[in-house]
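Listed below are the residues making up each chain.
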Amino acid sequence: MKYQVFDTYGQMCRRAANLISAQIILKEDCVLGLATGSTPLGIYKILVSWYEKADLDFAKVRTVNLDEYCGIAADDPQSYHYFMQKHLFSKVNIKAANAHMPNGLAADIQAECKRYDALIASLGGIDIQLLGIGHNGHIGFNEPADVFSKDTTYVKLSEDTIRSNARFFKAVSDIPRSAITMGMQSIMCSRKIILAANGKDKEDIIHKAMEGPITPEVPASILQLHPDVSVLFSKE
Ligand code: GLP
């Protein structure tokens, strides 16, 4: 794993945006694996600004997001669909048909998980996957567990994650208790991975993930087995 520490969140975001834009420039129809949460916000802002300056073109780019809550509609401001529209998709020239996310309202969740894995495979896998990390080491919504989840899967969110995500909701009772998340196989088969984190509160878990035992109790620790991971960290 390549570990880079930055003084500021802005510098960390710029580095991540550089890696993503290099991928888009090298392969205009690349498959980007995208993440939500507060960490990628600055990264998306920079990508949008480069698109506005005509330095980046999303016309042929395909994207697959890591996860989506179950039980909330795509137009609900708390959904990850809404987040991606607001912060990236509506601001660049990506084609709606090329921006893929799990459907958290699918009537048959198991079938939806299978569809999502088949979709990722049909796109030829992910060229570059952007990941954030939860305080408990989760990536996407792959929560600490006894085994790593291979496939896209339905997850019940841990109490820790529900608490962490409470900042995005008006009331604790509004927070979804379950989600669909991309599994470890699609993440680990990504040709390149960026793990981005900021804030002193993430320092411990980043080190556990990079140097601790490889265990499903710290889901991000599996990234130690990937040949091309850039860990980008800033203390602020
Ligand atoms: C959510 C997302 C993760 C993300 C995590 C960290 O749980 N499902 O993909 O990495 O939040 O979010 P933040 O970047 O806001 O700390």
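The 7 strands lie next to each other as β1-β10-β9-β6-β2-β3-β5, forming an open sheet whose pairing is parallel. The open sheet has two edge strands, β1 (2–6) and β5 (99–100), and neither has a second partner. Pairing between strand β6 (residues 128–131) and strand β9 (residues 192–198): 4 bridges, direction parallel. If you follow isoleucine 128 over to β9, its bridge partner there is lysine 192. Packed onto the sheet, helix α4 (residues 109–122) meets β3 (62–65) and β5 and runs at close to 150° relative to β3.

The next point concerns the pattern of salt bridges. Counting across every chain of the model gives 9 salt bridges. With a shortest N-O distance of 2.9 Å, lysine 27 and aspartate 127 are connected by a salt bridge. Within this pair, whereas lysine 27 is found in the loop between α1 (9–26) and β2 (31–34), its partner aspartate 127 is found in the loop between α4 and β6, the two being separated by 100 residues in sequence. When its relative accessible area of 31% is taken as the criterion, lysine 27 is described as partly exposed. Residue class for aspartate 127 comes out buried when judged on its relative accessible area of 4%. Residue arginine 163 pairs with aspartate 160 through a salt bridge whose shortest N-O separation is 3.7 Å.

What follows is about the nonpolar core. Core analysis: the largest hydrophobic core is formed by 72 residues, its most contacted members being Leu32, Ile43, Leu47, Phe58, Val64, Ile187 and Leu223. The biggest single contributor to this core is α1, with 7 residues. With near-sequence residues (within four places) excluded, leucine 47 lies in contact with Ala17, Ile20, Ser21, Leu56 and Phe58. With 5 residues, the next largest nonpolar core counts Cys70, Ile109, Cys113 and Ile180 among its residues.

This part covers the packing of aromatic side chains. Summed over all chains, the structure comprises 5 aromatic pairs. Between tyrosine 51 and phenylalanine 58, the aromatic rings sit 6.4 Å apart at their centres with planes inclined by 70°, giving edge-to-face as the arrangement. You can call phenylalanine 58 buried: its relative accessible area is 1%. Feature note: the residues Tyr69, Tyr80, Phe141 and Phe169 constitute an aromatic cluster, connected by ring pairs.

Right, let's talk about the site of the ligand for a bit. As a matter of local geometry, the ligand sits amid 15 residues, with Ser38, Thr39, Asp67, His138 and Lys202 nearest to it. Residue tyrosine 80 places a side-chain N or O atom 3.5 Å away from a nitrogen atom belonging to the ligand. At 3.3 Å, a backbone N or O of isoleucine 133 approaches an oxygen atom of the ligand. If the ligand stood free it would expose 390 Å²; the protein chains cover 97% of that surface. Residue composition of the shell around the ligand, grouped by class: 4 nonpolar, 8 polar and 3 charged.

Attention shifts here to the sheet that holds strand β4 (residues 67–69). In spatial order, the strands read β4-β8-β7; together these 3 strands make up an open sheet with antiparallel pairing. Each end of this open sheet is capped by a strand with a single partner; those strands are β4 and β7 (153–156). Sheet twist, expressed as the average angle between the axes of neighbouring strands with direction ignored, equals 25°. Bridge analysis of β4 against strand β8 (residues 178–181) gives 3 bridges, and the strand direction is antiparallel. Bridged to glutamate 68 within β8 is isoleucine 180.

The next subject is helix α7 (residues 203–211). Inspection of α7 places Glu203, Ile205, Ile206, Ala209 and Met210 among the buried residues, and these make up the whole buried set. The arc enclosing the buried residues of α7, seen along the axis, measures out at 165°, which places them on a common side. Turned more than 90 degrees away from the buried face of α7, the exposed residues are Asp204, Lys208 and Glu211.

Basis of the calculations
Residues numbered from 1 in each chain as written. Predicted model: local features only at pLDDT ≥ 70, side-chain atom pairs only at ≥ 80, totals over all residues. Heavy atoms only, no water. Pairing = 2+ DSSP bridges. Helix = DSSP H or I, 4+ residues; strand = E, 2+ residues; numbered from the N terminus. Contact = heavy atoms within 4.5 Å. Axes fitted to C-alpha atoms, helices over the stretch in contact; angles between N-to-C directions. Salt bridge = Lys/Arg side-chain N within 4 Å of Asp/Glu carboxyl O. Buried < 20%, exposed > 50% of the residue type's maximum accessible area, 1.4 Å probe, protein only. Core = buried A, V, L, I, M, F, W, Y, C linked by side-chain atoms within 4.5 Å. Phe/Tyr/Trp six-rings, centres within 6.5 Å; stacked < 30°, edge-to-face > 60°. Near = heavy atom within 4 Å. Polar contact = N/O pair within 3.5 Å; in protein donor to acceptor, adjacent residues only side chain to side chain. Areas by Shrake-Rupley, 256 points an atom, 1.4 Å probe, with all protein chains shown as cover. Nonpolar A, V, L, I, M, F, W, Y, C, P; charged D, E, K, R; others polar. Arc of directions from axis to C-beta.

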